[in-house]
Amino acid sequence: MTASLNGMTLPPWASHLLHKLAPPPLLLVQAFVNTLDLDLHTDVLAHADEARAWLADAGLRGPEQPDLAADLELARAFRESLRAMIARNTGGPPLNAAELRPLEQVTSQAAPRLEVTTDCQVELECSVGAERLADGLAGLLLAIRDAQADGSWDRMKLCGNPDCLWAFYDRSHSRQGAWCDMASCGNRLKNRSLRARRTQAG
Ligand SMILES: [Zn+2]
């Protein structure tokens, strides 16, 4: 099965997302956070070559940039800060100092630029084909800021399974979606709590 978004084939940097896709540009935030798969124990950003290729493909960092190891450390820390930001949408705590630090590192290094388009849209940009990682990651924050403004950010959630924590986009009318996928996480957890209750009752 080829995952698709409104009939469009997903870009390669989002090929690990199978369902509950966020609309672009939030899709890139979702793809970035889900480069760590706790369930499968895989991390796209853990291996230098794979990480360099993925970040370049996603337009977050030029492949020839120096200091890959330091950049990957920042990218992984920043990824957990984004996960904490998404967790806030499902009742998670406010960010702590350790979670704020990578965000501040990026916002202090990035250089977003104001632009006025020919049809008079005022835009703040720093992510288009970003060379420096800080600019690329700041672009993710700009996407979040826009999503916060139009309300779509509230639909970005973390799976309620603590062993999963997959970032998914809740398109349900009720906005009560709690699982990345009912089959893989929802039912598994429900069965687990059912078994626990039966054991207690027995
Ligand atoms: Zn899940």
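Residues numbered from 1 in each chain as written. Predicted model: local features only at pLDDT ≥ 70, side-chain atom pairs only at ≥ 80, totals over all residues. Heavy atoms only, no water.

Trainee: Can you walk me through the packing of aromatic side chains in this structure?
Mentor: For any two aromatic rings, the description comes down to two numbers: the centre-to-centre distance and the angle of the planes. Taken as a whole and judged by the stated rule, the model has two aromatic pairs. An angle of 35° between the planes, with centres 6.3 Å apart, marks the rings of Phe-32 and Trp-54 as tilted. You can see Phe-32 sitting in helix α1 (residues 26-33) and its partner Trp-54 sitting in helix α2 (residues 48-57), a full 22 residues away along the chain. No difference in accessibility class separates Phe-32 from Trp-54, as the two residues are buried. Taking 6.2 Å as the distance between ring centres and 65° as the angle between the ring planes, the aromatic pair formed by Phe-32 and Phe-78 counts as edge-to-face. Here Phe-32 is found in helix α1, whereas its partner Phe-78 is found in helix α3 (residues 68-88), with 46 residues between them in sequence. Each member of the pair, Phe-32 as well as Phe-78, is classed as buried. These aromatic residues form a ring-pair network of at least three members: Phe-32, Trp-54 and Phe-78. (Phe/Tyr/Trp six-rings, centres within 6.5 Å; stacked < 30°, edge-to-face > 60°. Helix = DSSP H or I, 4+ residues; strand = E, 2+ residues; numbered from the N terminus. Buried < 20%, exposed > 50% of the residue type's maximum accessible area, 1.4 Å probe, protein only.)

Structural measurements only, silent on function.
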